[in-house]
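A closer look at the structure
So you can see what is in the structure, the chains are spelled out below.
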Amino acid sequence: MTTVARLQAFVAVADAGSVRAAARRLVVTESAVSAAIAAVGREVGVPLIEREGRGLRLTPSGRTYAGYARTILGLHDEALAAARGDTDPEHGRVRVAAVTTAGEHVLPALLAAFLASHPGVDLQLEVGTSERVWELLGTHRADLAIAGRPPQGLDGAAVHAVRPNALVVVASPATAALFRLGRTRWLLREAGSGTRTTSEALLAGWEVDPPRLTLGSNGAVVAGAAAGLGVTLVSRDAVSGELADGTLTEVAAPGTPMRRPWHAVTAGQVPASTTLLIEHLLRSGSGGWRPPGRRGRSG
């Protein structure tokens, strides 16, 4: 078994919590996974995994090693794709990681237009929280991230394009009419969401502590606001339809709208096929994207 295959088995066990689940994920036998884990343990020379009930968990050393293993696998995958894509960018691969709002509302039409012009590109999109998106980019498991401003300390981060985005407080018309700062229920995204972090910072800045309700997705938060559950902070991109038809209305809240542009970010070397997508973002008619530093509407 190759070193790459051993690392894949180790990461699969780390993520799945058992040899059986890892074997199903990798479509190999349990004995193959066990042998790979044993080989990795012998090579590292310290315990990486320990029993926890019927499952397995990483030791502190195992958690450290798993982080490096994910990065190594990401770099290996990136290197293969880059080498092949540099030879023929029109048939290379681009792995995009996007935060939920961008993935659901900003990118679909843009990616459809890109594939119409570059049908041979293997385009992959993973949508998740801000925390997840930056993790994927930082461990080289994504070639391009579409999210807010990249976090400090992200090695090799480069912003190639920005697009206006505004965060607004919205509610159903009936809820908006009765809105009281600090008293009206606040609907929050799941942990790890950048919008949740911004919402909590906004409430702290107002020095208020309203009732809170956490909902599991961007769609659930928007639906909850429309149903009258409370108010929420959300990208205007995510609720343009609801604002247009009157299902939701903007609430006049201090400090809003908040300007939070979308950023198209890479980390490290940029594969040729990824460059094709970045160039598509910046071409006229690609949804308001522009080079960083150039003045434009802020949303």
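In this report, we go over the structure that sits alongside the text. (Residues numbered from 1 in each chain as written. Predicted model: local features only at pLDDT ≥ 70, side-chain atom pairs only at ≥ 80, totals over all residues. Heavy atoms only, no water.)

What follows deals with the packing of helix H1 (residues 3-16) against helix H3 (residues 30-44). Between H1 and H3, the least distance of the axes is 8 Å, while the angle of their chain directions is 100°. With respect to each other, H1 and H3 are oriented roughly perpendicular. Mapping the contact onto sequence places Arg6, Ala9, Phe10 and Val13 in H1 and Val33, Ala36, Ile37, Ala39 and Val40 in H3. (Axes fitted to C-alpha atoms, helices over the stretch in contact; angles between N-to-C directions. Helix = DSSP H or I, 4+ residues; strand = E, 2+ residues; numbered from the N terminus. Parallel < 35°, antiparallel > 145°, perpendicular 65-115°, else oblique. Contact = heavy atoms within 4.5 Å.)

Now for empty space enclosed by the protein. For the structure on display, the rule yields one cavity of 30 Å³ or more. Estimates place the volume of the largest cavity at around 40 Å³. Here the lining of the largest cavity is composed, by residue class, of five nonpolar, three polar and two charged. (1 Å grid on protein atoms, 1.4 Å probe; cavity = no way out; pocket = protein on both sides within 12 Å on 5 of 7 lines; lining within 4 Å. Points joined across faces, edges and corners; volume = space filled by probe spheres on them. Nonpolar A, V, L, I, M, F, W, Y, C, P; charged D, E, K, R; others polar.)

A word on the sheet that holds strand E6 (residues 157-163). Sheet strands pair by backbone hydrogen bonding; their relative direction is either parallel or antiparallel. Spatial ordering of the open sheet is given by E4-E3-E5-E13-E6, a layout of five strands whose pairing is mixed. Each end of this open sheet is capped by a strand with a single partner; those strands are strand E4 (122-128) and E6. With strand direction ignored, the average angle separating the axes of adjacent strands in the sheet is 20°. Pairing analysis gives three bridges linking strand E5 (residues 144-147) to strand E13 (residues 262-267), with the strands arranged antiparallel. Across the sheet, residue Ile146 finds its bridge partner in E13, namely Ala264. (Pairing = 2+ DSSP bridges.)

Turning our eyes to something else, we now look at the packing of helix H2 (residues 19-26) against H3. Packing of H2 against H3 leaves a shortest axis separation of 8 Å and a crossing angle of 110°. Considered as vectors, H2 and H3 are oriented roughly perpendicular to each other. In this structure, H2 uses Val19, Arg20, Ala22 and Ala23 to contact H3, whose residues at the interface are Glu30, Val33 and Ser34. For the contact of H2 with H3, the per-class residue count stands at four nonpolar, one polar and two charged.

Right, let's talk about H3 for a bit. The end-to-end C-alpha distance of H3 is 21 Å, a good match for the 21 Å that 15 residues give at a rise of 1.5 Å each. Within H3, burial applies to Val33, Ala36, Ile37, Ala39 and Val40. Buried positions in H3, seen along its axis, are confined to an arc of 160° and lie on one side of it. Pointing more than 90 degrees away from the buried face of H3 are the exposed residues Ser31 and Arg42. (Expected span 1.5 Å × (residues − 1). Buried < 20%, exposed > 50% of the residue type's maximum accessible area, 1.4 Å probe, protein only. Arc of directions from axis to C-beta.)

Another point: the side chain of Thr139. Topologically, Thr139 is positioned in the loop between helix H7 (130-138) and E5. The exposure class assigned to Thr139 is buried, which follows from its relative accessible area of 12%. Among the polar contacts made by the side chain of Thr139, one reaches the main-chain carbonyl oxygen of Glu135 at a distance of 2.7 Å. (Polar contact = N/O pair within 3.5 Å; in protein donor to acceptor, adjacent residues only side chain to side chain.)

Here we come to the environment of Ser34. Take Ser34: it is sitting in helix H3. With relative accessibility at 36%, the residue Ser34 sits in the partly exposed group. It is 39 Å that separates the C-alpha atoms of Ser34 and Thr214, two residues lying 180 residues apart in sequence.

For E13, a buried count of six out of six residues is recorded, marking the element as mostly surrounded by other parts of the structure. Side chains Trp262, Ala264 and Thr266 project from E13 onto one buried face, and the interleaved His263, Val265 and Ala267 project onto a second face that is buried too. Looking at chain direction, E6 and E13 are connected through six bridges and run antiparallel. Within E13, the residue paired with Ala157 across the bridge is Ala267.

Let us look at the nonpolar core. Core analysis: the largest hydrophobic core is formed by 32 residues, its most contacted members being Ala102, Trp134, Leu137, Ile146, Ala264, Leu277 and Trp289. Those elements that place two or more of their residues in this core are strand E3 (93-99), helix H5 (100-106), helix H6 (108-117), H7, E5, E13 and helix H12 (272-282). Broken down by element, this core gets its largest block of residues, five residues, from E3. Setting aside anything within four residues of it in sequence, one finds Ala102 in contact with Leu107, Pro108, Ile146 and Trp262. Judged by nonpolar contacts, the second largest core, of 19 residues, contains Val11, Val33, Ala69 and Leu73. (Core = buried A, V, L, I, M, F, W, Y, C linked by side-chain atoms within 4.5 Å.)

Glancing now at the layout of surface pockets. Estimated volume of the largest pocket: approximately 520 Å³. Among the elements of the structure, H5, H7, helix H9 (194-206) and E13 are those that each provide at least two residues to the lining of the largest pocket. The leading source of residues in the lining of the largest pocket is H9, at five residues. Class assignment of the residues belonging to the lining of the largest pocket gives a composition of seven nonpolar, 14 polar and four charged. By volume, the second largest pocket is sized at about 430 Å³. Contributing to the lining of the second largest pocket are 20 residues, with Gly74, Asp77, Arg95, Leu136 and Arg141 lying nearest its centre. Those elements giving two or more residues to the lining of the second largest pocket turn out to be H1, helix H4 (60-87), E3, E4 and H7. Counting residues per element, the lining of the second largest pocket draws most heavily on H4, at five residues. Considering only residue class, the lining of the second largest pocket consists of eight nonpolar, four polar and eight charged.

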